[in-house]
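# Working through the structure, step by step
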Amino acid sequence: MSALIDYFREPDNCLFHVFESDDIQLNLDENAVWFQGVKYIYRNWRDFHTAAVEYYESLYRFNKEKTSSYREHSSERQSDYPSREDARLDLLFSRCTEGNDDDAKVEKVETPPGDVNSFVPEHIQPGHPPVRSSGRPPEDFYRLFTAYAAVQLTGEESTPEAVHGSLHNNPSLARACGFTPGSKTAPLPSHRLLQQFDQIMTENGIWTMIQLDAVKNNLRDGTIEAERILVHDTTHHIAYSGFETVTYTNENGRQQKKSQSFLTKSCRCGDRENCPHPWEMSDNGAGTIVKHGGKMYWGHKSSIIGLPDQGVPLAALAMADSANHDSQSLPDTLEFMKTHFPELMNNAEYLLDDCAADSDILKQRIFNSFGLEVNCSVNPKRRKTIGAEDLPKGMQKLTPAGYLYCQAGHEMDFLGTRTGDGTFLYGPPRKNGNEICCRECPIREHCCRKNNSGGRRIAIRTGMLPHISPEAPPMAKRFQKRMKKRTAVERIIYRLKCRLGDRYLHKRGNHNYQATLDKSMFAFHLLIRL
Ligand SMILES: [Zn+2]
């Protein structure tokens, strides 16, 4: 164990230590965020103890399976060997887009199961991996974990390649994490060891566990506070894979096309085309994502919920199938929030979303299940503008979002809802702050009554805008003020995706995508504590 780590852990008990001069410099430099992050993890190593124990346990299982799995794998025989073509369609129909409405729409996040330990968990601490009766002791969890966290805090996505590169190129970083380059006691880890660490952390949901703990910890000690409003959006990352187009016949007998990940097998048989092992998708969860303007990407999609005033993400979940509509991710993401942050959900009253959530059924469902009022902009594609022929005289058009324009081209001033007769009330258009436009309007004769000095007033039956809730009309100033907070989600996503990660993925598969999100989330929540 290096002198530096002892200092990190118990600064008060340090009488005399030898530091490199650049370590002292880094310790004083508040801009060296990664260094402060590493120091934080070692000082609070007990917060990561459960993750460490889970890692060693998973590593033990991994090593045990590695020796037996290949033998078992090659002896698995199936009676019918599906061809690549059959498997392609089977997999297509089992995707959760193809009418399988009951399937979860976001990737199920599983935190590791409690296990019977083959060692004494209390003995685990930095520099003390478990001792087993046989074999070499494993590499220290804390060293590897801080290396991944440090690289993520430098703004790079912490892939095994990036961590390997940083440890070799930056001796200060390697030393701070607990390695002593060139020594026999704590040498730099090999690329393979770093890959194995990431794989075990990913496949056993330990990245998720660490990330969730960090968010909960920040909520518990008030680093982040509950807000009345939550914001939701989806974002995508470019996939590290290709796709093929599958043609199939739908239930109406029509030919349809859909993009799907290439098929592969995980076995090592010589003749994979005809061997008995099952075909699987090389990048499950990836799909065609259509953005505004019809631009298409082959990628993974995730659902993000955050707090707008503090600009903090609370949940970032990979969607089970990226080809699904954005709105489908909302109920499952909220369910996740309710499970993990029940108090925060009790405090929340509104959820702001984009027009993808503009559906009465969805809004009602969210209100019934979570007590949240969904506020979103009106989806202009689904509604029509109402023209002059169906409006009171003097009026030109009523937009789907409830904005009313007069013949002179001014926007009428929305006043509110009159519940008695079920109408939306609009007052005269105003300019320069408060002046009523009607007074000098050239077509006043056609619109206002002669004795009307207060300007034109209009009542529109709420039935003309059936998609607009009379209790929370989007034309109201209060609603617009609230909706202004929605853009916060874009800043949250930008930080997660571009400042603390990479918009391009480096691995295939949805569990790897979830790990990418988890690492960025952890870095974010560590950063706001430093
Ligand atoms: Zn095979």
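Residues numbered from 1 in each chain as written. Predicted model: local features only at pLDDT ≥ 70, side-chain atom pairs only at ≥ 80, totals over all residues. Heavy atoms only, no water.

## Structural notes on the overall build of the protein
Which entries qualify depends on this criterion: Comment: elements are numbered from the N terminus, with helices defined as DSSP H or I runs of at least four residues and strands as E runs of at least two. Contact between two residues is taken to exist if any of their heavy atoms lie within 4.5 Å; hydrogens are not considered. With residues, only the protein chains shown are counted as cover, and all accessible areas are computed by Shrake-Rupley using a 1.4 Å probe.
Scanning the protein from terminus to terminus reveals 17 helices and 18 strands. For the protein, the proportion of contacts with a sequence separation of at least 24, taken over those separated by at least 6, is 66%. For the protein, the accessible area works out to roughly 27100 Å², and carbon and sulfur atoms hold 47% of it.

## Remarks on the coordination of the zinc ion
Using the following cut-off: Sodium, potassium and calcium take a 3.2 Å donor cutoff, other metals 2.8 Å, and in both cases only N, O and S atoms count; water is not among them, so sites may look incomplete. Only four donors with every angle between 85 and 135 degrees are called tetrahedral; only four or six donors with opposite donors over 155 degrees apart and all others between 65 and 115 are called square planar or octahedral, in that order; all others are irregular. Here's how the labels work: a residue is buried when its accessible area is under 20% of the maximum for its type, exposed when over 50%, partly exposed in between, all with a 1.4 Å probe on protein chains only.
All of the protein donors around the zinc ion are Cys267 (SG), Cys269 (SG), Cys275 (SG) and His277 (ND1); their distances to the metal are 2.1 to 2.3 Å. Between the four donor atoms coordinating the zinc ion, the angles at the centre fall across 103 to 115°, so the site counts as tetrahedral. Coordination of the zinc ion draws on donor residues from a single chain, spaced C-x1-C-x5-C-x1-H in sequence. For the pair formed by cysteine 267 and cysteine 275, the shared burial category is buried.

## Description of the packing of helix α6 (residues 141-153) against helix α7 (residues 160-169)
Condition: Helix axes are fitted to C-alpha atoms over the stretch in contact, other axes to C-alpha atoms as well, and angles between N-to-C directions run from 0 to 180 degrees. In this scheme, roughly parallel covers angles under 35 degrees and roughly antiparallel covers those over 145, while 65 to 115 is roughly perpendicular and the rest are oblique.
It is the contact of α6 with α7, at a shortest axis distance of 10 Å, that shows an interaxial angle of 95°. By the angle class used here, α6 and α7 are roughly perpendicular. On α7, the residues touching Ala147, Tyr148 and Val151 of α6 are Pro160, Ala162, Val163, Ser166 and Leu167.

## Observations regarding the sheet that holds strand β12 (residues 395-398)
For clarity, the threshold we go by: We call two strands paired when DSSP finds no fewer than two bridges between them.
Ordered in space as β11-β12-β13, the three strands form an open sheet in which the pairing is antiparallel. In the strand order of this sheet, the two ends are held by β11 (386-387) and β13 (404-406), each with one partner. Sheet analysis places β11 next to β12, joined by two bridges and oriented antiparallel. Bridge assignment links glycine 387 to a residue of β12, and that residue is lysine 397.

## Some points on the confidence of the model for the protein
As a reminder of what qualifies: pLDDT is defined as a per-residue confidence score from the predictor, taking values between 0 and 100.
Confidence in the prediction for the protein averages 85 pLDDT; 89% of positions are at 70 or higher. Residue range residues 14-18 is modelled with pLDDT below 50. Its contacts to residues more than four positions away, or to other chains, number five contacts.

## Details of the pairing of strand β18 (residues 458-461)
Residues Ile458 and Ile460 line the buried face of β18, whereas the alternating positions Ala459 and Arg461 sit on a face that is not buried. Here strand β15 (residues 423-427) runs beside β18; their pairing, made up of four bridges, is antiparallel. Following the sheet pairing, tyrosine 426 is matched in β18 by isoleucine 458.

## As for the pattern of salt bridges
Selection criterion: One speaks of a salt bridge when a side-chain nitrogen belonging to Lys or Arg is within 4 Å of a carboxyl oxygen belonging to Asp or Glu.
All chains considered together, the criterion is met by 16 salt bridges. Between aspartate 221 and arginine 529 there is a salt bridge, with the nearest N and O atoms lying 2.6 Å from each other. Of this pair, aspartate 221 sits in the loop between α10 (206-220) and β1 (229-238) while arginine 529 sits in the segment after α17 (510-527), and the two are 308 residues apart along the sequence. Between arginine 486 and aspartate 233 there is a salt bridge whose closest N-O contact spans 3.4 Å. Here aspartate 233 lies in strand β1 and arginine 486 lies in the loop between α15 (477-483) and α16 (488-499), a separation of 253 residues in the sequence. When sorted by exposure, arginine 486 lands in the same class as aspartate 233, which is buried. Counted as one network, the salt bridges with shared partners bring together Glu139, Asp140 and Arg143.

## Brief notes about the environment of lysine 257
Along the polypeptide, lysine 257 turns up in strand β3 (residues 255-261). A relative accessible area of 63% places lysine 257 in the exposed class. Along the sequence, lysine 257 and threonine 247 sit ten residues apart, while their C-alpha atoms lie 4.5 Å from each other. Ignoring sequence-local partners within four residues, the contact set of lysine 257 consists of Thr245, Val246, Thr247 and Tyr248.

## Let's talk about the environment of leucine 372
The residue leucine 372 is located in the loop between α13 (360-370) and β10 (373-376) in this model. Between the C-alpha atom of leucine 372 and that of glutamate 349, which follows or precedes it by 23 residues, the distance is 5.1 Å. Dropping the residues within four chain positions of it, leucine 372 is found in contact with Leu230, Leu334, Met345, Ala348, Glu349, Tyr350, Leu351, Ile366 and Phe367.

## Quick notes on the sheet that holds β18
The three strands are arranged β14-β15-β18 in an open sheet whose pairing can be described as antiparallel. The open sheet is flanked by β14 (413-418) and β18, the only strands paired with a single partner. Each strand of the sheet is rotated relative to its neighbour by a mean of 25°, with strand direction disregarded.

## Some thoughts on the packing of helix α9 (residues 191-203) against α17
We apply this condition: Amino acid classes used here: Ala, Val, Leu, Ile, Met, Phe, Trp, Tyr, Cys and Pro are nonpolar; Asp, Glu, Lys and Arg are charged; the rest, including Gly, are polar.
With their axes 9 Å apart at the nearest point, α9 and α17 run at an angle of 95° to one another. As far as their axial angle goes, α17 and α9 are roughly perpendicular. Contacts between α9 and α17 involve Asp198, Thr202 and Glu203 from the former and His511, Asn512, Ala515 and Lys519 from the latter. Among the residues making up the contact of α9 with α17, the classes are represented as one nonpolar, three polar and three charged.

## Quick notes on the nonpolar core
Here is a general trend for soluble globular proteins: nonpolar side chains tend to be buried in one another's company. Here is the rule we go by: As used here, the term nonpolar core means buried Ala, Val, Leu, Ile, Met, Phe, Trp, Tyr and Cys residues forming a set that is joined through side-chain atoms within 4.5 Å.
Judged by nonpolar contacts, the single largest core of 115 residues is most densely connected at Tyr55, Phe141, Leu230 and Tyr426. By residue number, the principal contributor to this core is α6, which donates ten residues. Apart from the residues within four sequence positions on either side, tyrosine 55 is in contact with Phe141, Leu144, Phe197, Ile200, Met201 and Ile206. Core analysis: the next-biggest nonpolar cluster, separate from the first, contains five residues, Leu91, Leu263, Trp279 and Met281 among them.

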